[in-house]
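# Overview (structure and organization)
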Amino acid sequence: MKNLIIIIIISVLAFTISSNSLYGQSDRDQIEVQVDGLGCPFCAYGLEKKFKEFKGIKDVKIEMETGQFNFSYPSEKGMTLEQVESQVDKAGYTAVTTKIIRADGTIEESKQNITELTDESTIVSKDIFVAGNCGMCKARIEKTAKSIEGVVKAEWDKDNKMLKLEYDSSQTSIGEVSESIAKAGHDTKYSKAEDGVYNDLPGCCQYERVQ
Amino acid sequence: MELNKYLLGLFLFLLVASCQNKTKEWTYQKTINLESTTPIGLTVIDNHIWVADGDNNQLVHLDDSGKVLFTEEGFERPMHIATDGKSIYVPEYGKDQITIFSGEERKILPLTDSLDAPAGIHYANEQFAIADFYNHRILFGNERGWISFGKEGKADGEFYYPTDVHIANNKIYVADAYNNRIQVFDTEGNHKMTIGEKDNMNAATGIYVSSSQVFITDFENDRVLVYDMEGVLAQEISEGLEKPTDILINDDVLYIANYKGRNLKTYLQN
């Protein structure tokens, strides 16, 4: 009986140790951010550098091809989704999705806007000109458009500068989408970005202004 | 009759003059595949190319044929490197320092001011120039003293994220990356010339200056622009380039670091 108890205790300890090593350090949150437009190494390394401002950050991994940016952070500091997204913004990027896997296994994710269609809904397709330069512009333009309730689809083409939009005209309008994109720093056929917002865009995003 | 002789002479003179003025073009020679290496900066010691591999935090040492001889790990985002013929000067973007690498030994280049993401360094005539990326400025000097010039902006003498530098002809050439241009300064930091402003560059990231030409990588447009010393565009090299980051000439061969292609492209002038 005594031997059996010892064996059980050793087994439980071994299981606990192996679980911890399997899931990494149990006192750390794992943060996974999908960042669009990570094409330039100077800016990507800049993103990594910005996050080093958070003391205690570890296990930083950036995949430039996929835009995946992962790291771990001490759980007791309780990093929030907003803090992560704000720091990505500070580096000049746009967080498309953000996920925090807490040390206790709970998961927090950024909310995606999902437009709900009703009987009143009428889907309109429209292409509008939006000024921009690069992959970072594309991420910002599309995220801004998709965050508006009523927008079903938004795809911006870097080469011809056209935004393909599908939206429910009972919930939003081309004017509202256009205004929101201009507020994010991009001139459109219908709305112009304020100079201050344009000047705050990262260098590679500073497109030729629409006259 | 006299008129015919005169016209013939003029024709021959113009023909010879046009031949003499025609700049030789760089033509593609070969591709040196680097497999998993992502080349950002290049330098050369004794005909052996060294590559700064930013993504993998290492320096890669190549032999004459481009074969990898060995790698040196443990650098934090090494960028546009330089040499004095003995040591390699490595701007560590992630560590805000210039590391002097001499075989086994690593030291830090002493500076009188702090850097924020050094992106490029060059050494010539016992002096260094350093591109200080997030501080939008250039440091120039040596252990006897340093000067700093430039600030964030778009005017002459101002920078928007400078990424590389080259000292030549007693001048400092700067890849003013996100102002999409080259700026040229004297050794006191006075602005002398701007090159390429109207050529629609998108991220002018790497620079090299030979005795007769200025080369700049136009990163987002997948090309290298070649200018004469007066700033006149002489050639555009683009075939096969994917996000080029640096240029080097060694033994009459032009090397282009092709970051996304994970290779070096070589060219000969003819």
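Residues numbered from 1 in each chain as written. Chains lettered and ligands numbered in written order. Predicted model: local features only at pLDDT ≥ 70, side-chain atom pairs only at ≥ 80, totals over all residues.

## Focus: the sheet that holds strand 13 (residues 145-149) of chain B
Residues and elements named next belong to chain B. The cut-off we apply is this: At least two bridges found by DSSP between two strands are what make those strands a pair. Under the scheme used here, helices are H or I runs from DSSP no shorter than 4 residues and strands are E runs no shorter than 2 residues, and both carry numbers assigned from the N terminus. Angles here are taken between N-to-C directions and fall from 0 to 180 degrees, while the axes themselves are lines fitted to C-alpha atoms, restricted in helices to the stretch in contact.
With antiparallel pairing, the four strands of this open sheet are ordered in space as 10-11-12-13. The strands lining the two open edges of the sheet, one partner per strand, are strand 10 (118-124) and strand 13. Direction aside, neighbouring strands of the sheet carry axes that sit 15° apart on average. Looking at chain direction, strand 11 (residues 127-132) and strand 12 (residues 137-142) are connected through five bridges and run antiparallel. Following the sheet pairing, Asp132 is matched in strand 12 by Arg137.

## Thoughts on the sheet that holds strand 3 (residues 48-53) of chain B
Residues and elements named next belong to chain B. Taken in spatial order, the four strands make up an open sheet running 2-3-4-5, and their pairing is antiparallel. Of all the strands in the sheet, just strand 2 (39-45) and strand 5 (68-73) have a single pairing partner and so form its edges. Direction aside, neighbouring strands of the sheet carry axes that sit 20° apart on average. Of the strand pairs in this sheet, strand 2 and strand 3 are connected by six bridges, and their pairing is antiparallel.

## Considering the domain arrangement of chain A
Residues and elements named next belong to chain A. This is how the line gets drawn: Where each domain begins and ends follows an automated or database-derived domain assignment. Three residue categories are used. Nonpolar comprises Ala, Val, Leu, Ile, Met, Phe, Trp, Tyr, Cys and Pro, charged comprises Asp, Glu, Lys and Arg, and polar comprises the others, including Gly.
Domain assignment breaks chain A into domain 1 (26-109) and domain 2 (123-205). Taking only C-alpha atoms into account, the centre of domain 1 sits 25 Å from that of domain 2. Class assignment of the residues belonging to the side of domain 1 that touches domain 2 gives a composition of four nonpolar, four polar and one charged.

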